[in-house]
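Okay, here's what each chain looks like letter by letter:
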Amino acid sequence: ILLPETSKEEANKIANNVREEIANLQFEEFSSAVTVSMGLAEFIVDHDNKESFLKSVDLALYEAKGSGKNKVVIYVEK
């Protein structure tokens, strides 16, 4: 989901709301809850291009999945 002109903090709130809504859904087809992990990254116009942005999102997603799932992780450049 692209959220233009949205701060990382507001994007985090939106992503967590979506994550919670999905976790609260009941699916007869599944015996356990359906969850979602998300990675967030900020596109910095003077710094990023499509490839660097997608790499940041991908790194955040893998961290979310690898650290317990059902969470939102914001990419922080190291």
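Residues numbered from 1 in each chain as written. Predicted model: local features only at pLDDT ≥ 70, side-chain atom pairs only at ≥ 80, totals over all residues. Heavy atoms only, no water.

Student: Go over the layout of surface pockets with me, naming the residues and quoting the values.
Tutor: Roughly 580 Å³ of internal volume is contained in the largest pocket. Elements that contribute at least two residues to the lining of the largest pocket include exactly helix 1 (8–24), strand 1 (38–40) and helix 2 (50–66). Considering only residue class, the lining of the largest pocket consists of 18 nonpolar, four polar and three charged. There is about 190 Å³ of room inside the second largest pocket. Around the second largest pocket sit 13 residues that line it, and Glu 42, Ile 44, Ser 56, Tyr 75 and Glu 77 are the ones nearest its centre. (1 Å grid on protein atoms, 1.4 Å probe; cavity = no way out; pocket = protein on both sides within 12 Å on 5 of 7 lines; lining within 4 Å. Points joined across faces, edges and corners; volume = space filled by probe spheres on them. Helix = DSSP H or I, 4+ residues; strand = E, 2+ residues; numbered from the N terminus. Nonpolar A, V, L, I, M, F, W, Y, C, P; charged D, E, K, R; others polar.)

Student: Report on the nonpolar core, specifying residues and quantitative values.
Tutor: As a rule of thumb, soluble globular proteins bury nonpolar side chains together. Of all hydrophobic cores here, the largest spans five residues; its members are Ala 11, Ala 15, Met 38, Leu 40 and Val 72. For Ala 15, the residues in contact, after removing those within four places along its chain, are Met 38, Leu 40 and Val 72. (Core = buried A, V, L, I, M, F, W, Y, C linked by side-chain atoms within 4.5 Å. Buried < 20%, exposed > 50% of the residue type's maximum accessible area, 1.4 Å probe, protein only. Contact = heavy atoms within 4.5 Å.)

Student: Break down the environment of Ala 41 for me, citing the residues and quoting the values.
Tutor: Mapped onto the elements of the fold, Ala 41 is located in the loop between strand 1 and helix 2. For the pair Ala 41 and Asn 24, spaced 17 residues apart in sequence, the C-alpha to C-alpha distance is 25 Å.

Student: Could you give an account of the side chain of Asp 48, with specific residues and numbers?
Tutor: Mapped onto the fold, Asp 48 is located in the loop between strand 1 and helix 2. Here Asp 48 occupies a buried position and makes no salt bridge, while the nearest side chain of opposite charge, Lys 8, is found at 9.9 Å. A polar contact of 3.4 Å, which involves the side chain of Asp 48, links it to the side chain of His 47. Residues in contact with Asp 48, not counting those within four places in the same chain, are Glu 42, Phe 43 and Phe 53. (Lys, Arg positive; Asp, Glu negative; His and termini not counted. Salt bridge = Lys/Arg side-chain N within 4 Å of Asp/Glu carboxyl O. Polar contact = N/O pair within 3.5 Å; in protein donor to acceptor, adjacent residues only side chain to side chain.)

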